[in-house]
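The lines below spell out each chain.
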Amino acid sequence: MLNIDQALAAIETHVPSGRIETVPLGESLGRVLAESVTSSIDSPPFDKALMDGFAVRAADVADGQATLRLIDEVTAGQVASKPIASGEAIQIMTGAPIPEGADAVVRIEDTRIQTGPDNSQTVVIDTRPATVGQDLVRQGTSMRQGDTVLPVGRRLRPQELGLLAELGHPNVAVRQAITVGVLATGDELVTIDQVPGPGQIRNSNEAMLAAQVRACGAVARELGIARDTPEDLAEKIGEGLRCDVLLLSGGVSAGRLDLVPGQLAAAGVSEIFHRVRIKPGKPVWFGATEGCLVFGLPGNPVSSMVCFELFVRTALRKISGILPAQPTPFAARLSTDFEFRGDRPTYFPSQCGSDGEGPHVTPISWHGSSDLRSTTDANAMIFFPAGDRSYKSGEWVDVFGWTGGS
Ligand code: AMP
Ligand code: MG
């Protein structure tokens, strides 16, 4: 049986990087950048006013008192027709380029305009001294031409789309969208709109796994329920293998009707591993065909969920070129004493928060791999190495966040 690190390494080895495609910027939200982006411009491209007011020479207003000759006006999108000299000001609007000779903007609220008998206009400032650079932003403050501004592997959010627009990218190179089929298996399952009969339960894993897929930015295809018969499994597995990744839940342990590994082999899926030394999720199965990666997740809901977080998410990140592909823990202090008993390394549903002393974490009251209800009180999982042990409040433990966060 593989240990967790070996299983994760096997996934990294067998999962290929996804294809690169170019999509219109407006369709790139949530996709992953396939190449880093270098700025072709300085931003802002010129020294620019941050306020409506007057462009001045700060030295003219050093003591907070000045009467300056108004010689021009410049609005956003224009360039002033002349430079300013000492004793002069140009009226300026937010976003307009700072005229040559000016080095500060005085806000309109701090000024008043006087018109002389010959219709000449002056600006009177008598509120506060001006300083060089006041209320303007210098060319290249936020980025310089040639700067690397977005790294490869970045998932695109609205602010990245805005930046790409600013840089003039109507199209963007991203990793392929990943289609993930979700197939529940089990004779006991009924659909979520049905009332379970004796011995039956609703198929909760399909909705949960499909949501985990979507939370990872991939496209979920819900394939319904396969019965525990070779025929039904063969048909639905065949359909699922048309996806980039196929997730099955149930049917991978040692029961008489756990037919999934055999049916996957019959469908031409090569086994890479079966069973990992982990709790929950020991029966997990992983294999591949030329075009599809296949995970057989144990049917117990929390096992399915944890195996997704560790193994499936690693595969999806590897395809998308997101580094690191493997889940990264962070350290938090236990907020309570805790008696851990377990002969396998365990991911324990927990509630993590933060206070003045940093992150802290509390194991929830959890009744094992079938207890999905309790996980709704959790936002993370604590990793406990194998072996019975009394943990003390305040001890540092490794924590893994769950997709969807708190
Ligand atoms: P299995 O891995 O098929 O042996 O199933 C283990 C446990 O998980 C059994 O109690 C099943 O009834 C339950 N289970 C299997 N599939 C699902 C599902 N899709 N939704 C909820 N529970 C399930
Ligand atoms: Mg089953």
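Residues numbered from 1 in each chain as written. Chains lettered and ligands numbered in written order. Predicted model: local features only at pLDDT ≥ 70, side-chain atom pairs only at ≥ 80, totals over all residues. Heavy atoms only, no water.

Once that is clear, we can look at the packing of aromatic side chains. Tallied over the entire structure, the rule returns eleven aromatic pairs. Each ring, one from Y347 and one from F400, has its centre 5.6 Å from the other, and the planes form 65 degrees; the classification is edge-to-face. With Y347 in strand β23 (residues 346-355) and F400 in strand β27 (residues 396-401), this pair connects stretches of sequence that are 53 residues apart. Taken individually, Y347 and F400 each receive the classification buried, so the pair is uniform in this respect. Taken together, a centroid distance of 6.2 Å and an interplanar angle of 75 degrees make the contact between F348 and F384 edge-to-face. Placement of the pair is F348 in strand β23 and F384 in strand β25 (residues 380-384), with a sequence separation of 36 residues. (Phe/Tyr/Trp six-rings, centres within 6.5 Å; stacked < 30°, edge-to-face > 60°. Helix = DSSP H or I, 4+ residues; strand = E, 2+ residues; numbered from the N terminus. Buried < 20%, exposed > 50% of the residue type's maximum accessible area, 1.4 Å probe, protein only.)

Turning our attention to the domain arrangement of the chain. By domain assignment, the chain separates into domain 1 (4-18 + 177-320), domain 2 (24-35 + 145-175), domain 3 (48-137) and domain 4 (330-401). Taken over C-alpha atoms, the centre of domain 3 sits 61 Å from the centre of domain 4. (Domains from an automatic or database assignment.)

Take the site of ligand 1 next. Of all residues adjacent to ligand 1, which total 16 residues, the nearest are E188, N203, G251, G299 and N300. Measuring from an oxygen atom of ligand 1, one finds a backbone N or O atom of G251 at 2.9 Å. Within the backbone of G299, a nitrogen or oxygen atom sits 2.9 Å from an oxygen atom of ligand 1. Relative to its free-state accessible area of 480 Å², ligand 1 is covered by the protein chains to the extent of 78%. Using a 2 Å cut-off from the grid points, one finds that ligand 1 occupies the largest pocket. Taken together, the elements giving at least two residues each to the shell around ligand 1 come down to β13 (179-185), β15 (201-202) and α3 (204-215). Among the residues forming the shell around ligand 1, the class breakdown is three nonpolar, ten polar and three charged. (Near = heavy atom within 4 Å. Polar contact = N/O pair within 3.5 Å; in protein donor to acceptor, adjacent residues only side chain to side chain. Areas by Shrake-Rupley, 256 points an atom, 1.4 Å probe, with all protein chains shown as cover. 1 Å grid on protein atoms, 1.4 Å probe; cavity = no way out; pocket = protein on both sides within 12 Å on 5 of 7 lines; lining within 4 Å. Sits in = over half its atoms within 2 Å of the grid points. Nonpolar A, V, L, I, M, F, W, Y, C, P; charged D, E, K, R; others polar.)

Next up on the list: the sheet that holds β27. In spatial order, the strands read β21-β24-β23-β25-β27; together these five strands close into a barrel with mixed pairing. Averaged over all neighbouring strand pairs, the angle between strand axes comes to 55 degrees, with direction disregarded. Across five bridges, β23 lies against β25 in antiparallel orientation. Paired with T346 across the bridge in β25 is F384. Across the sheet, helix α6 (residues 301-320) lies against β23, β25 and β27, angled at about 80 degrees from β25, the strand it touches most. (Pairing = 2+ DSSP bridges. Axes fitted to C-alpha atoms, helices over the stretch in contact; angles between N-to-C directions. Contact = heavy atoms within 4.5 Å.)

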